[in-house]
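Each chain, written out:
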Amino acid sequence: PEIARKTEEILPFYPKAAEVIIPSCISDNITLSTMHGCPAEEIEDIAGYLITEQQLHTYVKLNPTLLGSDLLRELLNDVLGFDTVVPDQAFAHDLKYEDALKMVGSLRKKAFLNKREFGLKLTNTLESENRKQVFGPDVEMMYMSGRALHPISVTLAAALRKEFGPDLPMSFSAGADAFNIIDLLKCG
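Criteria and cut-off values
- Residues numbered from 1 in each chain as written.
- Predicted model: local features only at pLDDT ≥ 70, side-chain atom pairs only at ≥ 80, totals over all residues.
- Heavy atoms only, no water.
- Helix = DSSP H or I, 4+ residues; strand = E, 2+ residues; numbered from the N terminus.
- Buried < 20%, exposed > 50% of the residue type's maximum accessible area, 1.4 Å probe, protein only.
- Polar contact = N/O pair within 3.5 Å; in protein donor to acceptor, adjacent residues only side chain to side chain.
- Contact = heavy atoms within 4.5 Å.
- Patch = residues over 30% accessible without salt bridge, like charges linked within 9 Å, V, L, I, M, F, W, Y side chains within 5 Å.
- Areas by Shrake-Rupley, 256 points an atom, 1.4 Å probe, with all protein chains shown as cover.
- Salt bridge = Lys/Arg side-chain N within 4 Å of Asp/Glu carboxyl O.
- Lys, Arg positive; Asp, Glu negative; His and termini not counted.
- Charge placed at Lys NZ, Arg CZ, Asp CG, Glu CD.
- Pairing = 2+ DSSP bridges.
- Right-handed = clockwise from strand over helix to strand, strands pointing away.

Considerations on the environment of P1
Alright, step 1. Turning to its location among the elements, P1 is positioned in the segment before α1 (2-10).
Alright, step 2. You can call P1 exposed: its relative accessible area is 82%.
Alright, step 3. Spatially, the C-alpha atoms of P1 and G146 are 42 Å apart, while their sequence positions differ by 145 residues.

Pasting the structure below:
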């Protein structure tokens, strides 16, 4: 009914609108991106609802902090040479790796039973101390993204591949570009 109403509204301006076939289902998939610090149970409940009740193919965004503080800081600071401080609080309130494994396993089962696809989006932003002039001095934290997250996300993807095998779909964006996409795809 809504499509018919909207079509009627634009007919005076575009008479051929009556000939346009508009599907009633614009999308049957969603990517769930929760705020930093959202508990594992809430993420699982929301994603489970989207899969079972809304019958949507569902991807869940995971944060780079899943790697744990030691490995993440080693990659970011020692290996990559970034002068970035990721505070302990970023790891304290974000999803833990073991909780993520349980959640992913559970959601994969729900998706299978509902004939839906379930996958992961790697990764979102990384909470870090504000050490730049972009924000005012009253802003304590900022969220980094892009190139710096590339090796972190690839490392997380490799760990998840080891846990779940090659049939867990992953959407990847962190630092992927025309110069590394072939190698990225080759590594699985």
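Considerations on the side chain of N130
Alright, step 1. Summarising the element assignment, N130 is placed in the loop between β4 (126-129) and β5 (141-144).
Alright, step 2. Overall, N130 belongs to the buried group, its relative accessible area being 15%.
Alright, step 3. Only 3.3 Å separates the side chain of N130 from the backbone oxygen of G136, close enough to count as a polar contact.
Alright, step 4. Contacts of N130, omitting those with residues within four sequence positions, involve F135, G136, V139, E140, M141 and M142.

Some words on a negative patch on the surface
Alright, step 1. Residues E41, E42, D45, E98, D99 and E163 make up a contiguous surface patch of negative charge.
Alright, step 2. Going through the elements one at a time, α2 (40-52) and α5 (97-113) are the ones with two or more residues in the negative patch.
Alright, step 3. Considering every element that reaches the negative patch, the biggest residue donor is α2, with three residues.
Alright, step 4. Counting through the fold element by element, E42 comes out in helix α2.
Alright, step 5. E42 gets classed as partly exposed once you look at its relative accessible area, which sits at 42%.

Comments concerning the pairing of strand β2 (residues 57-62)
Alright, step 1. Counting buried positions along β2 gives five out of six residues, so the element sits mostly inside the fold.
Alright, step 2. One ladder, built from four bridges, connects strand β1 (residues 29-32) with β2; its direction is parallel. The partner of L32 across the bridge, within β2, is V60.
Alright, step 3. Chirality of the crossover, the property in question, places the unit of β1, α2 and β2 among those that are right-handed.

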